[in-house]
Amino acid sequence: LGTGRAGAVVLFADAPGLTIGDINTTAANNFAGDVLLTAHVSGTINTQTITANGAGADNSAGRILMTTAAGSLNIGAIQSIGTGGAESGQVILNSSNAITASNIDVTNTILNGGRVIITAGGNIAGTSISLGTINTTGNSAGQIFIGSVDNANGTITTGNLTGNST
């Protein structure tokens, strides 16, 4: 990691969608890069770990936006952590179908925790949203919004949701 600003990752796909390994746009003492992944017509997005941590005063962690128009999101862990005075990032996951993610961490040791917004419009095998832990701990805790508009009433399951004020 150098001292320059990290680059962004922007990927748009059609059917069958995107299958991606790890994405890392972390910056040392600068702004982290943003991550935008979209399957804009149809298709599913599958990723491993996404990391967009920022460090240093007046900087910020990356913003992560993933959306599908007619598919699902299957995500490993997501980190958008601010350290050393950098703001934490925000994570927005929006799918017309189901969303699965292992862990989401937008914590901060000095400033406020980040924001997590998750919305699903459908389900796979009766599950609309299946999440591991989500942590928005910070000087003031961040925000978590999880919602499903699945007409078939698919389930929402999560691990621990943590938003402590330190």
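Higher on the page you've got the structure.
Cut-offs and rules
Residues numbered from 1 in each chain as written. Predicted model: local features only at pLDDT ≥ 70, side-chain atom pairs only at ≥ 80, totals over all residues. Heavy atoms only, no water. Helix = DSSP H or I, 4+ residues; strand = E, 2+ residues; numbered from the N terminus. Buried < 20%, exposed > 50% of the residue type's maximum accessible area, 1.4 Å probe, protein only. Contact = heavy atoms within 4.5 Å. Areas by Shrake-Rupley, 256 points an atom, 1.4 Å probe, with all protein chains shown as cover. Core = buried A, V, L, I, M, F, W, Y, C linked by side-chain atoms within 4.5 Å. Pairing = 2+ DSSP bridges.

Okay, the overall build of the chain next. Secondary structure summary: the chain contains zero helices and 20 strands in total. Reported as C-alpha extents along the three principal axes, the dimensions of the chain are approximately 45 × 30 × 20 Å. By residue count, 45% of the 166 residues in the chain fall in the buried class. Residue pairs at least 24 apart in sequence account for 74% of intrachain contacts in the chain once pairs closer than 6 positions are excluded. Split by element, the accessible area of the chain, about 7300 Å² in all, is 50% carbon and sulfur.

So, about the nonpolar core. Counting 28 residues, the largest nonpolar core has Leu 37, Met 66, Leu 93 and Ile 118 as its most contacted members. Looking at this core, the elements with two or more residues in it are strand E4 (35-39), strand E8 (64-68), strand E9 (73-75), strand E12 (90-95), strand E13 (99-101), strand E15 (115-120) and strand E16 (127-131). In this structure Ile 118 touches Leu 93, Ile 99, Ile 104, Ile 129, Leu 131, Ile 134, Phe 145, Ile 146 and Gly 147, once residues within four positions along its chain are discounted.

Our next topic: the sheet that holds strand E17 (residues 134-135). Ordered in space as E3-E6-E10-E14-E17-E20, the six strands form an open sheet in which the pairing is parallel. Strands with a single pairing partner mark the edges of an open sheet, and in this sheet they are strand E3 (23-24) and strand E20 (161-162). Here strand E6 (residues 50-51) pairs with strand E10 (residues 78-79) via two bridges, running parallel. Considered in E10, the bridge of Thr 51 is made with Gln 79.

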